[in-house]
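Listed here are the chains, written in short residue letters.
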Amino acid sequence: MTASPASPAARATAPSSSGERPAPTATGPTGSAGPTGPAARPARRWRGLLAPAAVLAALALLPYSALEIPVLLDGPVNSPGSLQLLALCLVFGGLALGYDLMFGRTGLLSFGHALYVAGGAYGTQLAMTELGLGLLPAIGLALAGGTAAAVLLGAVSLRGLALGGIGFAMVTLAFAQAGSIWVQRNPGGLTGGEEGLPLHTDGVPAALVGVENTANVYWLALAYLALTAAVVWTAVARPVGRVWQGIRDNEQRVSVLGYDPFRHKLGVFVLASALGVLGGALHLLVTAGATPRSSTPEFTLTLLVMVVLGGSGTRWGPLVGGVLFTFLDQRLAVLASSDLVHGLPGALRAPLSEPMVILGTLFVIAVYAAPGGIASIRRSLTWRRGEETR
């Protein structure tokens, strides 16, 4: 039995087998190039680069600013303590952005992303201490090992999708839990157990060691965030990014169109894991050590909260969520131990002395106020203004 040919409308809207998006209409009602035509593409591309370039330039100049922001920062913006806090926020912004490749862009809920972040931190540290490598070769070795592990474990985990999405989540959770137990048991004294490992400064360039070089570490964290954003935003704008979105929305339809969902899901899993490994190496430098907390499933849950808080599947949402959550987590911890909180009545002192209680409350409020995350607030305001003008 021969299938009937697809209608011209269907052929115009369905993606080709090569993954290319059908070219938009190049002419308007008068036959001239419209706003969606080829002539408008360079302009849209340049406009899309202006905001990231401006944000990157502003962040790069922060170490030169002596501005003091009471309550938010303990000292000037360019003080070592402030720059270290901001560097940590940038690292988590990149980690959340990489994790959103799986969760927000492809619909894969992984509870094992911490395994690769910890692999980047501990792998880099052990490569310097046990193999005598410098920082860059150590990061390269950790990245290669973490990527290879992601290919193997990702292939096994994705087979769990035969049981549904919860199967994939549970298999990744099992791998992460096994890795966390291995780290805490300190086999052969390699991981430092519950104490973790201090940064092996002998293998780190002198420009990244010491309080006086905190600005250099900050710029390195900013470079990681810029690299992660460039990789993620470029990937999702490519045809493969539209395939990921199709898998998230309707995997069966993607299969019917001739794509291999397993291969594309494995690809996004490996890419997100590699970015996690690189982020783990930066986390090692910013915090001056590898901690067992970075290997726990709770660490992955923190990344998930960051993504949901900012807005999963959006351009800026995961980045903003990661930066904001980390900043609040660190500053609320300082507030909890301050004399201001200790002088309050017991009914107020008890909840305010637990940063996670405050963060949890703020998260619940944010979910109700902006169900789509922080990134959806602007879209909602724009829609309301449009309704009011009608």
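This text goes with the structure placed above it.
All of the points below concern the structure found in this document. Residue numbers run consecutively from 1 along every chain, following the written order of its sequence. Selection of residues for local features in this predicted model requires a pLDDT of at least 70, selection of side-chain atom pairs for listing and counting requires 80 or more, and totals for whole chains, interfaces and linings are taken over all residues. The side-chain figures draw on all heavy atoms in the structure; neither hydrogens nor water molecules are used.

This paragraph deals with the overall build of the chain. For the purposes of this entry, the term helix denotes a DSSP run of H or I that reaches at least four residues, the term strand denotes a run of E that reaches at least two, and both are numbered from the N terminus. A tally of helices and strands in the chain yields 15 helices and two strands. Burial here depends on accessible area, computed with a 1.4 Å probe over protein chains only, as a share of the maximum for the residue type. Under 20% is buried, over 50% is exposed, and the range in between is partly exposed. Split into buried and exposed, the 390 residues of the chain put 41% on the buried side. Accessible area for the chain stands at about 20,200 Å²; split by element, carbon and sulfur atoms hold 66% of it. Shrake-Rupley sampling with a 1.4 Å probe provides the accessible areas, and residues are treated as covered by the protein chains on show and by no other component.

Inter-axis angles, ranging from 0 to 180 degrees, are taken between N-to-C directions of lines fitted to C-alpha atoms, where helices are fitted over the stretch in contact. The interhelical angle for the contact between helix α7 (residues 214-237) and helix α9 (residues 261-287), taken along N-to-C directions, is 170°, at an axis separation of 10 Å. Here α7 lies roughly antiparallel to α9, going by the angle between them. Residues V217, L220, A221, Y224, L227, T228, V231, V232 and A235 of α7 lie in contact with α9, whose contacting residues are L271, L275, L278, G279, L282, L285 and V286. Each residue gets one label: Ala, Val, Leu, Ile, Met, Phe, Trp, Tyr, Cys and Pro are nonpolar, Asp, Glu, Lys and Arg are charged, and the others, such as Gly, are polar. The residue inventory of the contact of α7 with α9, partitioned by class, reads 14 nonpolar, two polar and no charged. When describing relative orientation, an angle under 35 degrees is termed roughly parallel and one over 145 degrees roughly antiparallel, while 65 to 115 degrees is termed roughly perpendicular and anything else oblique. Contacts are assigned to residue pairs that have any heavy atoms within 4.5 Å of one another.

So, about unusual backbone geometry. Even without being a glycine, N186 presents a positive backbone phi close to 55°. Checked against the element boundaries, N186 lands in the loop between α6 (165-185) and β1 (197-198).

Two aromatic rings, drawn from Phe, Tyr or Trp (for Trp, its six-membered ring), form a pair once their centres lie within 6.5 Å of each other, and the interplanar angle then sorts them: stacked below 30 degrees, edge-to-face above 60, tilted otherwise. Applying the stated criterion across every chain, the model contains six aromatic pairs. On the basis of an interplanar angle of 45° and a centroid distance of 5.6 Å, the ring pair of F92 and F299 is categorised as tilted. Placement of F92 in helix α3 (residues 80-106) and of F299 in helix α10 (residues 297-310) is noted, with a sequence separation of 207 residues between them. Overall, the relative accessible area of 6% leaves F92 in the buried class. The exposure class of F299 is buried, given its relative accessible area of 1%. Considering the side-chain rings of Y99 and F103, the 6.4 Å spacing of their centres and the 20° angle between planes classify their relative orientation as stacked. Of this pair, Y99 and F103 both sit in helix α3, four residues apart, which is roughly one turn of that helix. Note on Y99: relative accessible area 0%, which makes it buried.

What follows is about α9. The terminal C-alpha atoms of α9, which comprises 27 residues, lie 38 Å apart, in line with the 39 Å expected from a rise of 1.5 Å per residue. Extensive coverage of α9 is indicated by the burial of 22 of its 27 residues. Here a polar contact is recorded for every N or O atom pair within 3.5 Å, except that within protein the pair must consist of a potential hydrogen donor and a potential acceptor, and residues adjacent in sequence are included only if both atoms are side-chain atoms. Measuring from the side-chain oxygen of the N-cap residue of α9 to the backbone nitrogen of F262 gives 3.2 Å; that N-cap residue is D260. A positive phi of about 60° marks A288, the residue just after α9. How far a helix is expected to stretch is found by multiplying one less than its residue total by 1.5 Å.

Checked against the element boundaries, W244 lands in helix α8 (residues 239-256). Along the primary structure W244 and T106 are separated by 138 residues, whereas in three dimensions their C-alpha atoms are 4.9 Å apart. Not counting the four nearest positions on each side in its chain, W244 is found in contact with L101, R105, T106, A235, V236, H264, V268 and L271.

Any link to function would need more than the numbers given here.
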